[in-house]
Structure formats: C-alpha cells, structure tokens
Amino acid sequence: MLKIFKRLWQVNWAEQWQYRANLLMYLLYWLVSPIIYLAVWTSIAASKGDVNGLTANDFVTYYMTLLIVDQITSNITLHIFAYKVQDGSLSSELIRPIHPMLTNTLVNNIAFKALSIMGLIPIWIVLFFLFQPNFSSVTWQGIALAIPAMMLGFIIAFLISASVTSVAFWTTRVYSISEFYFALFLLFSGQFVPLTLMPPIIQSIARYLPFQFSLYYPIQLILGKLSPGQIIEGYIVALIWLPISYFLFNWVWREGVKRYSAVGA
Amino acid sequence: MHYLKLLQNLLKLNIQMSLAYRADTVVNILLNLMWLGWELLGLSIIFNNTETLGGWGPGELIALLGVFRLVNTLMAALIWPNTEKFNQSIRDGSMDYTLLQPVNSMFLTTFSRITVWRIWDLVLAIILIVVGINMSGDITTPLSTLTFILLAVSGAIVIYSLWIVLIALTFWFTKFDNNVTILQALLDAGRYPVTVYPVWLRIIVTFIIPIAVATTIPLQALRGDLEISRVLIFIGVGIVSFWIASNVWKAGLKRYSGASS
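The rules behind each value
Residues numbered from 1 in each chain as written. Chains lettered and ligands numbered in written order. Predicted model: local features only at pLDDT ≥ 70, side-chain atom pairs only at ≥ 80, totals over all residues. Helix = DSSP H or I, 4+ residues; strand = E, 2+ residues; numbered from the N terminus. Rg over C-alpha atoms; globule rule 2.2 N^0.38 Å. Buried ≥ 20, exposed ≤ 12 C-beta atoms within 10 Å, placed from the backbone. Contact = placed C-beta atoms within 7 Å. Axes fitted to C-alpha atoms, helices over the stretch in contact; angles between N-to-C directions. Parallel < 35°, antiparallel > 145°, perpendicular 65-115°, else oblique. Left-handed = near helix turned anticlockwise from the far one by under 90°. Nonpolar A, V, L, I, M, F, W, Y, C, P; charged D, E, K, R; others polar. Core = buried A, V, L, I, M, F, W, Y, C linked by C-beta atoms within 7 Å. Expected span 1.5 Å × (residues − 1). pLDDT = per-residue confidence, 0-100.

Caption draft 1: Expanded view of the overall build of chain B. Across its full length, chain B holds 11 helices and 0 strands. When the helices and strands of chain B are read in sequence order from the N terminus, they spell out α-α-α-α-α-α-α-α-α-α-α. Relative to the compact-globule value of 18 Å for 261 residues, chain B shows a C-alpha radius of gyration of 19 Å, a close match. Taken along the three principal axes of its C-alpha coordinates, chain B extends 60 × 45 × 35 Å. By residue count, 33% of the 261 residues in chain B fall in the buried class. Once local pairs closer than 6 in sequence are excluded, the contacts in chain B between residues at least 24 apart make up 79%.

Structure below.
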C-alpha cells in the first residue's frame, strides 16, 4: 500500500508541478477576499477602538492565520474529480484495485497543497511586513493542539467535499450544488469574520457543524483564544463528525458508482 | 446602425442557445438570489458592529453593492464567456474566421457570446442602487445623477479597455491564457469603498487594475463628494483608455499569424 501511495505521489506531484504558473494565479485569486475582509474589519476596529472586544491586531492575526490554515485544510476535489464522471475518464480508474477517490484524488489534493503552501510562504512574508501583526498570543501548546485539529479539519472537509462531488454521478448540475455547499461554508466556517461576531443563532448552529474545523477552530487554537472547555467541546464534535462524514461518503460513493454509465467511453 | 442590427442578431442567437438550458437558468437565478442574501447578511453583520465604514453608511453600501453588481454583470455576461471563446480561437486557429468577417474584429470578439440570463442581474443591481440611495438619505440632483451615469459608463469602459489589452497580449505571448485571472481576482475589491483599504491596495485597485474607477468613484460623484475637475479627469481617462485599447488590439492583430504556423 505504501508503495502505491509513493507512486501516486510521484505522478500527482509531477502533474501539479507542470501547472505551477496556474497555481500562482490561483493563489493570487484566493488571497484577495481574506485581505479585503482583513482591511474592512481592521478599519472598523481602528475607528472604534475595538469591535465587540476584538482589536485591529486581533483581526490582522486572525486573517493572517486563516491564510495558512485554509491552505492546509481546504481541498480541490470538485475540480479534479467531477469532470472525470462527466467525460467518462473515470472508467480507467475504476478498474484499478484501488479506490479512485481515497487514493488518487486524495494524493492529488495533497500534492496541490504542498505546492501552494510553497507559493504562499513568500507572499505571506510580504503581507507580514505590510500589516505587521503582533502574534504574541501564539504559544507552542496552541500550535501543538491545532495540528491534529487541522488534520481532522482536512479529513472531514475532504470527505464531505468528496460526497458533494459524487453527486456528479446523478446530475451534471454538481457545480451548482457545490456552490450552495460553499455558501454554507462561508456562513459557518469563520471565513468572513471570526464566528464570535456572527449573529447568535448562526454561532449556536456553527458549534455543532463540521465547517468550523476548516478555519475558525484551528485558527482560534493557534491564537490561544479558546477556553479549555471550548477546546474539549471542539475535539468531541470533530471526532463525532469524522465517522459521520466517512459513512456519508461511503454511502454516496457506493450508490453513485452503481449509477455510473461511463459516458463517452 | 449596421452594428446595432448585428448586436440584435447576436443577442437573438444567444437567447436561442440558452433556451436549450431553461432549467439551468432557473437554478442560476436561484443561486444568484442566494448570493444576494449572503451579501446583505454580510453588510448587516458589518453594520451591527459599526455605524459607518470608511465614512459610508448602510444605505450607501447597498448602493455600492448595486454598482458592484453592474460591473460584475458586465464581466459575467460578456467578458468571461468571450475570453473563453477568444483563448480557444487563438489555440485552435478559429480566430481566422472572426478576422474574415466584414466587421470590426474587436466588436465581434466582445459580443459573440452573451450570457443572457445575467440581464436579470442588471435589474437587481438598479433596484439595489435606488433603494440604497433612498435609505442613505443622500440628496441627489439631476446633475449628480447624470455625472454618476457618465462616470459609471466611463469606469466600465476603463475595465473593458484593460480587458482588451490583456487578451490582446495573447497575440504576442500565445501561452498567456491566464490573461484575465488578475481582473477576476481583484474584482471582489469593488464590494467595499476603497477608502477602507490600506494605501498599497487602494493604489492597485484605482490605478493598476482600476476596479474602483467603476464602483467607488461613480458613487462618490452621486453623493457629491467629487470635484468637477476630478469628474472631467475620470471621463477623460475612459476615452483615452479606449483609444489605447483599440490601438493595442490593432497592433496585436498584425502579429497574429494563425495557429498552424
């Protein structure tokens, strides 16, 4: 099995490396909205002293950390998989004795991630000098707690995205459906603003949803903003979502493959 | 007159094409409404925590959202689909056919694809602008309304010209098919008044990729925040950039030699 992963890694790394210019463009595209939110909220915090207890520096550190955490926990499954169902090129992967989604697609995601983090580092350093955040609240314990949280966040988000992407077996409108999923993500993950500034009703729903593990929860862990009670609650909710998302994916995948008719093949 | 008729026919052709995908149109409009809901929720979260953003109130930000959606419609209805077609035509050589037509090639490149359902977005944008301005209590005069329209049009022309230059670069650098990503990426900066951005970002979205020229600045004119000399400069910039773009386009065409060579 390890040998298979090693080989898949070589292939997928080479594939992603070939598109490194595209990847830089993607990074640029993806950077803009966190920077805009950062600018909007720091300007509000600076004019009022603080927003609900959050200072301008709190916003700067939040979004600067978000840039890194998002690269680690996000995935591009929709873009590397959905078209294979639509044009039938999935057929050749289905006859292999390994799971197309849990091996090849997963490794491709990780290769993409590794490359985009390499691209992000110099950009992040430039932004560091532009915004001059004060990261004094970050501790080693916080980072140590955040690493497993980010892994959980990545795995849960990957399995849910894989489930959403598998809707491609039923309909060509999978892109519209994933847009809806993305809107939920924006609402509950803490992408737009730290969840503590969201309306109370959204906050109380977000506590029990998996989206916060992609951004808000690991970011707050790194920044040392969570109480021990909140940390434990977060880990419990994440560990509940892990099997749920796995079973969800397994079920959608099994039913989906049955419907697959290999268009064009 | 000739061009108007041609435009009418292209529009008809595109309506016919989109009629094949009626259900998709409905889905797209629903998604569009969902994003509008999200945008308004975002604004309400912002204004729950502050009274003004960069000196602008909630009504003005709703109006700005409307203006942003105008620009966004221009992009989604014309610029993105035609970029795709243009890049494709450079790769496979079908640009030859565009050039053989007895019409201005820049005109054809601009209007051959039109995402028809986006016209709905235009209506929504105008409603947002009217409602937002009423909410803000800003006093508008016929003169300020006129300068608003003039500046919005000239801002749109500036962005359009930049697009023409970006895709014309493909004539020199054939592999440059990421040509519009930078435009796409910075578009979102038009959602908020540029006055809240740090200086370096403000400079980028005003002078380099001038999204603000079509969003913040026209609205400033509507509020009466802009001196008359500034208004004239921005209108002048619109005219000059169109002139530059059409010349770059012509120079690019001379470089074009078809895909097979």
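Back to the text.
Caption draft 2: Broad picture of the overall build of chain A. A tally of helices and strands in chain A yields 11 helices and 0 strands. Going from the N terminus to the C terminus, chain A shows its helices and strands as α-α-α-α-α-α-α-α-α-α-α. The globule rule puts the C-alpha radius of gyration for 265 residues at 18 Å, and the 19 Å found for chain A is close to it. When its C-alpha atoms are laid out on the principal axes, chain A stretches across 60 × 40 × 35 Å. When each of the 265 residues of chain A is scored for burial, the buried share is 37%. Taking the contacts inside chain A whose residues are at least 6 apart along the sequence as the reference set, 80% of them involve residues at least 24 apart.

Caption draft 3: View of the packing of helix 2 (residues 20-48) of chain A against helix 6 (residues 100-131) of chain A. Residue and element names in this part refer to chain A. Two elements in contact, helix 2 and helix 6, have axes separated by 10 Å at closest approach and are oriented at 60 degrees. Of the possible angle classes, the one that applies to helix 2 and helix 6 is oblique. Our pair here, helix 2 against helix 6, has a crossing hand that is right-handed. Seen from helix 2, the contacting residues are Arg 20, Leu 23, Leu 24, Leu 27 and Leu 31; seen from helix 6, they are Leu 115, Ser 116, Gly 119, Leu 120 and Ile 123. Residues that form the contact of helix 2 with helix 6 fall into these classes: 7 nonpolar, 2 polar and 1 charged.

Caption draft 4: Structural detail: the interface of chain B and chain A. Chain B puts 25 residues into the contact, and the matching count from chain A is 26 residues. Mapped by element, the contributors of at least two residues to the side of chain B that touches chain A are helix 2 (22-49), helix 8 (181-187) and helix 9 (199-208) of chain B. Among the elements that line the side of chain B that touches chain A, the one with the most residues is helix 2 of chain B, at 8 residues. Tallied by class, residues from the side of chain B that touches chain A come to 17 nonpolar, 7 polar and 1 charged.

Caption draft 5: Structural detail: the nonpolar core. In terms of nonpolar packing, the biggest core is built from 116 residues, with Val 40, Trp 41 and Phe 59 of chain A together with Val 67 and Trp 163 of chain B touching the most fellow members. Other than its neighbours up to four places away in sequence, Val 67 of chain B contacts Ile 129, Ala 152, Thr 215, Pro 218 and Leu 219 of chain B.

Caption draft 6: Fine view of the environment of Ser 154 of chain B. All names here are of chain B. Relative to the assigned elements, Ser 154 resides in helix 7 (residues 142-172). As for Ser 154 and Gly 236, which are separated by 82 residues in sequence, their C-alpha atoms are 8.4 Å apart. Not counting residues within four places of it along the chain, the set of residues in contact with Ser 154 comprises Phe 234, Ile 235 and Gly 238.

Caption draft 7: Expanded view of helix 11 (residues 228-259) of chain A. The end-to-end C-alpha distance of helix 11 of chain A, which contains 32 residues, comes to 47 Å, matching closely the 46 Å that a straight helix rising 1.5 Å per residue would cover. Within helix 11 of chain A, burial applies to Gly 234, Ala 238, Trp 241, Ser 245 and Phe 249 of chain A.

Caption draft 8: Representation of the confidence of the model for chain B. Residue and element names in this part refer to chain B. Model confidence for chain B is summarised by a mean pLDDT of 89, while 98% of its residues fall at 70 or above. Considering each helix and strand of chain B separately, the mean pLDDT is smallest for helix 8, with a value of 84, and largest for helix 11 (residues 228-255), with 92. Interface predicted TM-score (ipTM) for the complex: 0.87; the corresponding pTM is 0.90.

Caption draft 9: Focus on unusual backbone geometry. All names here are of chain A. One non-glycine residue, Asn 52, adopts positive backbone phi at about 55 degrees. With respect to the secondary-structure elements, Asn 52 resides in the loop between helix 2 and helix 3 (56-73). Even without being glycine, Gln 132 reaches a positive phi, approximately 45 degrees. Examined against the element boundaries, Gln 132 turns out to sit in the loop between helix 6 and helix 7 (140-166). The exposure class of Gln 132 is exposed, given the 9 C-beta atoms found within 10 Å.

Caption draft 10: Region of interest: the packing of helix 3 of chain A against helix 6 of chain A. All names here are of chain A. In contact at an axis separation of 9 Å, helix 3 and helix 6 are set at 170 degrees when each is read in the N-to-C sense. The angle between helix 3 and helix 6 falls in the class roughly antiparallel. Residues Val 60, Met 64, Leu 67, Ile 68, Gln 71 and Ile 72 of helix 3 form the contact with helix 6, whose own contacting residues are Lys 113, Ser 116, Ile 117, Leu 120, Trp 124, Leu 127 and Phe 131. The class makeup of the residues in the contact of helix 3 with helix 6 is 10 nonpolar, 2 polar and 1 charged.

Caption draft 11: Spotlight on the environment of Gln 184 of chain B. Looking at the element boundaries, Gln 184 of chain B is found in helix 8. Counting along the chain gives 41 residues from Gln 184 of chain B to Asp 225 of chain B, while the straight-line C-alpha distance between them is 28 Å.

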